[in-house]
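The chain contents come next:
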Amino acid sequence: MRVLAVLLALACPSIAAADGFPLWTVEGDAGTVYILGSVHVLKAGDYPLPAPVSEAYAAADELLMELDLDDLDVAAVTTRMLELGASGDDATAREVFGDDAWETVVSRGRSLGLDLGAMAAVEPWLAALMAYNLALAQAGYDPDLGVDQHLAGRAMADGKPIAGLETLAEQLDFFDSLAPEAQRQLLEQTLDSLDELATEADALVAAWRSGDLAALGARLEEDFEDYPELEQRLVTDRNQAWLPAIEARLARPGETLVVVGALHVVGPEGLPALLKSRGYAVQSDPSRPGRETP
């Protein structure tokens with residue numbers, strides 16, 4: 001499994017009929033929902049975004065996102081992450097690796113231009129996120145430029161409502177509650193991927209922008225093969241938990257843009273496939289968002 005795909009959460013096809021950009025139209029009894037597979041980090045040069053993103057945003061009356069980003073305190077996020085990841089209740093990254101092996105990790109990070117020393121005293125899941133974000137930042141990627149943040153900023157400026165599918169506490173708990181062995185594997189996979197992270201991220205973002213779902217599927221198909229607990233906790237369980245909120249939008253008049261990390265549109269447990277299995281009309285037609293969808 002490449003941890004890059006899990007944390008960057010890029011798109012791949014979710015139902016056999018889907019083709020092109022990772023955007024689905026779902027028709028309910030009264031409402032319409034657009035499901036967008038999002039990229040959480042981008043570079044400045046990735047803007048402007050592909051046209052289907054702006055078209056779906058313009059058609060929507062409301063944004064429904066993983067978190068309610070117009071009501072999120074960045075300082076509070078950082079504080080809460082450190083409270084969970086440095087609580088002292090579980091083994092730290094250094095303890096998981098052992099002193100000698102951790103020094104080797106730090107040395108390897110230094111050779112890549114990354115200072116991993118500060119991650120020794122936090123739990124493995126948080127060390128993995130810190131190392132991953134540090135490497136992406138070095139490669140020019142910025143979470144503030146991600147699709148989620150961009151659309152949330154537009155919505156706040158336009159006075160368009162934003163709602164969250166889960167809370168910050170719930171989101172962080174998915175990582176913090178991983179079993180110790182799963183956390184160790186997550187950190188190991190992250191550290192093993194650092195030297196190729198920039199190249200992999202560039203390729204995946206290029207495939208996302210061009211709507212090359214075949215390429216994305218080929219690159220990501222083995223991501224969870226050896227990591228079923230992470231897939232269950234971070235993707236499958238959350239998709240199921242989000243369905244009631246999405247179905248509530250389909251049951252009332254209006255148009256809602258659902259923006260989620262695009263791993264959540266993957267396979268038979270992805271949101272489009274789950275909604276299709278519940279009898280909703282699901283269509284991949286990014287060129288015709290909104291009421292023009294046949």
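Here the residue index of a chain counts from 1 through its sequence in written order. Per-residue local features of the predicted model are confined to residues with pLDDT of at least 70, and side-chain atom pairs are confined, for both listing and counting, to 80 or more; whole-chain, interface and lining totals are unaffected and use all residues. The basis for every side-chain value is the complete set of non-hydrogen atoms in the structure, without hydrogens or water.

(A) Structural detail: the overall build of the protein. Put simply, DSSP H or I for four residues or longer makes a helix, DSSP E for two residues or longer makes a strand, and each gets a number counted from the N terminus. Broken down by element type, the protein carries 13 helices and six strands. Per-residue burial for the protein yields a buried fraction of 51% across its 294 residues. Note on areas: Shrake-Rupley, 1.4 Å probe, and residue coverage restricted to the protein chains presented here. As displayed, the protein has an accessible area near 12,500 Å², and 50% of this comes from carbon and sulfur atoms. When a residue's accessible area, from a 1.4 Å probe over protein chains only, is under 20% of the maximum for its type it is buried; when over 50% it is exposed; and in between it is partly exposed.

(B) Inspection of the pattern of salt bridges at higher detail. We define a salt bridge as a side-chain nitrogen of Lys or Arg found within 4 Å of a carboxyl oxygen belonging to Asp or Glu. This model, assessed by the stated rule, comprises 13 salt bridges. Taking the shortest distance from any N to any O, the salt bridge between Asp99 and Arg94 comes out at 3.5 Å. Given a relative accessible area of 28%, Arg94 falls into the partly exposed group. If you follow the salt bridges from partner to partner, you end up with Glu62, Arg249 and Arg252 in one network.

(C) Focus on helix H2 (residues 51-59). Buried within H2 are the following residues: Pro52, Val53, Ala56 and Tyr57. Around the axis of H2, the buried residues are gathered within 135 degrees of arc, so they sit on the same side. The contact definition used throughout considers only heavy atoms, calling two residues in contact when any of these lie within 4.5 Å. Looking at the buried residues of H2, the elements they touch are strand E1 (23-27), strand E2 (31-38), strand E3 (62-65), helix H7 (147-158), helix H10 (197-210) and strand E5 (254-261). Here the arc refers to the set of directions running from the helix axis out to each C-beta atom.

(D) Quick peek at the packing of helix H8 (residues 168-176) against helix H12 (residues 228-250). Think of each axis as a best-fit line through the C-alpha atoms, taken over the contacting stretch in the case of a helix, with angles from 0 to 180 degrees between the N-to-C directions. Running from N to C, H8 and H12 cross one another at 140 degrees; their axes reach a closest spacing of 10 Å. Here H8 is positioned oblique relative to H12, judged by the angle of their axes. Here H8 contributes Gln171, Asp173, Phe174 and Phe175 to the contact with H12, which in turn contributes Arg233, Leu234 and Arg238. Any residue outside Ala, Val, Leu, Ile, Met, Phe, Trp, Tyr, Cys, Pro, Asp, Glu, Lys and Arg is labelled polar, Gly included; the first ten of those are nonpolar and the last four are charged. Per-class residue counts for the contact of H8 with H12 are three nonpolar, one polar and three charged. Working rule for angles: under 35 degrees goes down as roughly parallel, over 145 as roughly antiparallel, 65 to 115 as roughly perpendicular, anything else as oblique.

(E) A look at unusual backbone geometry. Omega for the bond connecting Tyr47 with Pro48 falls within 30 degrees of zero, at 5 degrees, which places this linkage in the cis form. Considering the arrangement of structural elements, one finds Pro48 in the loop between E2 and H2.

(F) The arrangement of the sheet that holds E3 in detail. Strand pairing is defined by DSSP finding a minimum of two bridges between the two strands. One open sheet accounts for six strands, arranged E4-E3-E5-E2-E1-E6; its pairing is mixed. Both edges of this open sheet fall to strand E4 (162-164) and strand E6 (281-283), since each of them pairs with a single strand only. Taking the axes of each pair of neighbouring strands and ignoring which way they run, one obtains an average angle of 20 degrees across the sheet. Note: E3 against E4, three bridges, orientation parallel. By the bridge assignment for E4, Leu64 is matched with Ala163.

What is shown is where atoms sit, not what they do.
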